[in-house]
Amino acid sequence: GAVVSQHPSWVICKSGTSVKIECRSLDFQATTMFWYRQFPKQSLMLMATSNEGSKATYEQGVEKDKFLINHASLTLSTLTVTSAHPEDSSFYICSARVGGGNNSPLHFGNGTRLTVT
Amino acid sequence: GESVGLHLPTLSVQEGDNSIINCAYSNSASDYFIWYKQESGKGPQFIIDIRSNMDKRQGQRVTVLLNKTVKHLSLQIAATQPGDSAVYFCAESSTDSWGKLQFGAGTQVVVTP
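In this report, we go over the structure that sits alongside the text. (Residues numbered from 1 in each chain as written. Chains lettered and ligands numbered in written order. Predicted model: local features only at pLDDT ≥ 70, side-chain atom pairs only at ≥ 80, totals over all residues. Heavy atoms only, no water.)

## Some details on the overall build of chain A
And then number 1: Scanning chain A from N- to C-terminus turns up 0 helices and 11 strands.
And then number 2: In chain A, the succession of helices and strands from N to C terminus is β-β-β-β-β-β-β-β-β-β-β.
And then number 3: The C-alpha atoms of chain A give 13 Å as radius of gyration, which agrees with the globular expectation for 117 residues (13 Å, within 12%).
And then number 4: Across the 117 residues that make up chain A, the buried fraction comes to 50%. (Helix = DSSP H or I, 4+ residues; strand = E, 2+ residues; numbered from the N terminus. Rg over C-alpha atoms; globule rule 2.2 N^0.38 Å. Buried < 20%, exposed > 50% of the residue type's maximum accessible area, 1.4 Å probe, protein only.)

## Quick word on the interface of chain A and chain B
A common way to state how big an interface is: give the accessible area lost once the parts meet.
And then number 1: Between chain A and chain B, the residue contacts involve 20 residues of the former and 22 residues of the latter.
And then number 2: Around 1600 Å² of area is buried between chain A and chain B when both sides are counted, 51% of it from carbon and sulfur atoms.
And then number 3: Applying the counting criterion to the chain A and chain B interface returns 1 salt bridge.
And then number 4: The interface formed by chain A and chain B contains 7 residue pairs in polar contact (both at pLDDT 80 or more).
And then number 5: Broken down by secondary-structure element, the contributors of at least two residues to the side of chain A that touches chain B are strand S4 (32-38), strand S5 (44-51), strand S9 (90-97) and strand S10 (106-108) of chain A.
And then number 6: Of the residues belonging to the side of chain A that touches chain B, the class tally is 9 nonpolar, 9 polar and 2 charged. (Contact = heavy atoms within 4.5 Å. Buried area = accessible area lost by both parts, 1.4 Å probe. Salt bridge = Lys/Arg side-chain N within 4 Å of Asp/Glu carboxyl O. Polar contact = N/O pair within 3.5 Å; in protein donor to acceptor, adjacent residues only side chain to side chain. Nonpolar A, V, L, I, M, F, W, Y, C, P; charged D, E, K, R; others polar.)

## Brief notes about the pattern of salt bridges
And then number 1: In total, this model carries 8 salt bridges over all chains according to the counting rule given.
And then number 2: Across the pair Lys-100 of chain B and Glu-59 of chain A runs a salt bridge whose closest N-O atoms are separated by 2.9 Å. Taken as a pair, Lys-100 of chain B in the loop between strand S9 (86-94) and strand S10 (102-103) and Glu-59 of chain A in the loop between strand S6 (57-58) and strand S7 (67-73) lie in two separate chains rather than in one.
And then number 3: Salt-bridge contacts for Lys-64 of chain A lead to Asp-65 of chain A; the nearest nitrogen and oxygen are separated by 3.9 Å.
And then number 4: Using a relative accessible area of 60% as the deciding quantity, one classes Asp-65 of chain A as exposed.
And then number 5: Overlapping salt bridges, with partners in common, bring together Lys-37, Glu-39 and Lys-42 of chain B in one network.

## Quick look at the state of the cysteines
Residues and elements named next belong to chain A.
And then number 1: Following the criterion strictly, the structure yields 2 disulfides over all chains and no others.
And then number 2: Residue pairing for Cys-23: its cysteine sulfur links by disulfide to Cys-94, the two sulfurs lying 1.9 Å apart. The chirality of the disulfide connecting Cys-23 with Cys-94 is right-handed, given an S-S dihedral of about 80°. Taken together, the residues span a long stretch of sequence, with Cys-23 in strand S3 (residues 19-25) and Cys-94 in strand S9 at a distance of 71 residues. Of the two residues, Cys-23 and Cys-94, both sit in the buried class. (Disulfide = S-S within 2.5 Å.)

## Here we look at the sheet that holds S7 of chain A
Residue and element names in this part refer to chain A.
And then number 1: Strand order in the open sheet formed by 4 strands is S1-S3-S8-S7, with antiparallel pairing between adjacent strands. Two strands close off the open sheet at either side, each with one partner strand: strand S1 (4-7) and S7. Direction aside, neighbouring strands of the sheet carry axes that sit 20° apart on average.
And then number 2: Pairing of S7 with strand S8 (residues 76-81) involves 5 bridges; the strand directions are antiparallel. Considered in S8, the bridge of Asn-70 is made with Thr-78. (Pairing = 2+ DSSP bridges. Axes fitted to C-alpha atoms, helices over the stretch in contact; angles between N-to-C directions.)

## Some remarks on the environment of Thr-117 of chain A
Residue and element names in this part refer to chain A.
And then number 1: Here Thr-117 is to be found in the segment after strand S11 (112-116).
And then number 2: When the C-alpha positions of Thr-117 and Asp-27 are compared, they lie 35 Å apart, and in sequence the two are 90 residues distant.
And then number 3: Beyond its immediate sequence surroundings of up to four residues, Thr-117 is in contact with Ile-12, Cys-13, Lys-14 and Ser-15.

## Quick word on the pairing of strand S2 (residues 10-13) of chain A
Residue and element names in this part refer to chain A.
And then number 1: Covered by surrounding structure in S2 are Val-11 and Cys-13 only, the residues Trp-10 and Ile-12 on the alternate face being uncovered.
And then number 2: Sheet topology places S2 next to S11; 4 bridges connect them, and they run parallel. Note that in S11 the partner of Ile-12 across the bridge is Thr-115.

## Some thoughts on the packing of aromatic side chains
And then number 1: Following the criterion strictly, the structure yields 9 aromatic pairs over all chains and no others.
And then number 2: Among the aromatic side chains, those forming a connected cluster through ring pairs are Tyr-36 and Phe-108 of chain A together with Tyr-36, Phe-46, Phe-89 and Phe-103 of chain B. (Phe/Tyr/Trp six-rings, centres within 6.5 Å; stacked < 30°, edge-to-face > 60°.)

See below:
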């Protein structure tokens, strides 16, 4: 089945530093990937849509200058949390769809646990 | 804005019994629905999906029911097993949402021996 891989699975960083999270589609190409954030005991909130070869589109309330997204190839999207602060500590999860149009399941990576100290 | 939501945050089920997880959605334009299972520390795992032109779909030990009249979705798990313990999310999308999935609040299912 479709596999979406994220790296790293967890990261601890100091306040004010930047962290890059990678999302790869391992056995399929993805022109679009979706980034979600999940706080403890809460649901997944869509942050942005990553588009290969063009700018990402961000959901309302998500700062595009803080959460930089780069989708440079059909198998890789990166999310960089810039100038991280403790309130950015969360579980970041990427996802992608294997063909089938918009009415087909998203496949999710296993997430990246970010802790900002 | 419109949202998908769940009303039962925790469901305790005895092993072997059937589980029913409910989900209400508010976007009348939603036309595609998915159930995901999320185990602790992992990403969501696809369980089953249904399109709005159907009202029932069955998989292995799972059944999804869709009632568009009252905007209600349910997931039934037959013969619940300890491995079914997880958080279950419904998610929806609509034709005009460009494939974006919006998630409900989630239900924690705890299977007891």
